[in-house]
Amino acid sequence: MAEEPVAVVGIGQTRHRAARRDVSLAGLVREAALRALADAELTWADIDAVVIGKAPDFFEGVMMPELYLADALGAVGKPMLRVHTAGSVGGSTALVAADLIAARVHTTVLTLAFEKQSESNAMWGLSLPVPFQQPLLAGAGGFFAPHIRAYMRRTGAPDTIGALVAYKDRRNALRNPYAHLHEHGITLAKVQESPMLWDPIRYSETCPSSDGACAMILADRAGAARAPRPAAWVHGGAMRSEPTLFAGKDFVSPRAGKDCAAAVYRQARITDPRREIDVVEMYVPFSWYEPMWLENLGFAAEGEGWKLTESGVTELDGDLPVNPSGGVLSANPIGASGMIRFAEAALQVRGQAGEHQIDGARRALGHAYGGGSQFFAMWLVGSEPPTT
């Protein structure tokens, strides 16, 4: 029996901010869930199951929060699953929910991811003490900066590329009311003059720490037919992982990322992603990862990704817009960041992305990664149901 087609019929997210002190964890996730239900014009009673995800529990210090969040999400007496794959968890969570629909286990699933970074300190939480890690870095930026320098040496990319990405994404964020950072006076010069944090990553080239949540309602074909607004249809989805360290690991372009993208393209019958995909919501926590992932995901040949960025291809009016929402560089509730990429891709093909809508977007890629460039999750959504 063929898989059941999976549709995104409702999307909701919070306004992402440095600190949402007006709500608890329960209030934060319920806010996103209620918005998704309203978008789908459904009630809690219509939901068969809930799939929830977030980054490591020690970030907020609340262990297994899904147990106490069940009541806030209408999940009492219903199946509830928790997913965790580090920073890619938002994407992985959406894929687990999609599989429940595809396998006909459920017909309508609420999937949600969140983070409340104001109640944690992720940078130091990610800085492991001796003897578990050498005392050479602080936070994720310290881990990824050497990989960015390796990319620059490997490709000959000029040191201006990171600033171009950050300048683009922060301008895009001004069109997105949910983005955390709205820097109305942003200029390329301000990005280039911002303090160096982890060479070559400057302050304005790194993601913020955000509180926020994102939710989606996934449904089968019958549910999509009843939906009040156009659905986004899942044409392909995959997760791949690899160890943090192993002999021969390519930190610049990880094998797991390539394999994950290839699996998604195979399912969606994509043979030329550069030409067949209209928009990409890519997980870019540090600006240099845009050109790096352009190559890893098959949009550019090895060594050519930075040239797409430099030539304006990834701008809102370019041939391949990347992160029209402002991306992770403009809002980063870690556990939700991957799901926001998936949801923003779905908004594009539904024609509901507001001021950052890409005209004529019919196929969009949502991308997430996490850990030491080791966990990858992606989906490709379209405006029409997948062909059998």
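Residues numbered from 1 in each chain as written. Predicted model: local features only at pLDDT ≥ 70, side-chain atom pairs only at ≥ 80, totals over all residues. Heavy atoms only, no water.

- The protein appears in an unreviewed UniProt entry as Thiolase domain-containing protein from Streptomyces jumonjinensis.

## Points about the pairing of strand β11 (residues 375-382)
- Counted residue by residue, β11 has seven buried out of eight residues, so it is predominantly covered.
- Summarising the sheet, strand β10 (residues 363-370) and β11 pair through eight bridges and their orientation is antiparallel. Across the sheet, residue glycine 366 finds its bridge partner in β11, namely tryptophan 379.
- In sequence, β10 turns back onto β11 through a hairpin of four residues, with glycine 371 there showing a positive phi of about 65°. (Buried < 20%, exposed > 50% of the residue type's maximum accessible area, 1.4 Å probe, protein only. Helix = DSSP H or I, 4+ residues; strand = E, 2+ residues; numbered from the N terminus. Pairing = 2+ DSSP bridges.)

## With respect to the nonpolar core
- If you look at the biggest cluster of nonpolar residues, it comprises 92 residues, and the most contacted ones within it are Met216, Leu218, Tyr289, Leu297, Phe299, Leu365 and Trp379.
- Excluding residues that lie within four positions of it along the chain, leucine 297 makes contacts with Gly257, Ala261, Tyr265, Pro273, Met282, Leu365, His367 and Met378.
- One finds Leu25, Ala36, Leu73 and Ala231 within the second-largest nonpolar core, a separate group that totals 31 residues. (Core = buried A, V, L, I, M, F, W, Y, C linked by side-chain atoms within 4.5 Å. Contact = heavy atoms within 4.5 Å.)

## A closer look at the sheet that holds strand β8 (residues 232-241)
- Strand order across the open sheet formed by nine strands is β3-β2-β4-β7-β1-β8-β11-β10-β9, with mixed pairing between neighbours. Only two strands of the sheet have a single neighbouring strand rather than two, namely β3 (80-83) and β9 (279-281). The sheet shows a mean angle of 25° between the axes of neighbouring strands, taken without regard to direction.
- Against the sheet, helix α1 (residues 25-40) touches β1 (7-13), β4 (108-116) and β7 (211-219), its axis set at about 135° to β1.
- Together, β8, β10 and β11 form the strand contacts of helix α9 (residues 255-268), whose direction differs from that of β8 by roughly 150°. (Axes fitted to C-alpha atoms, helices over the stretch in contact; angles between N-to-C directions.)

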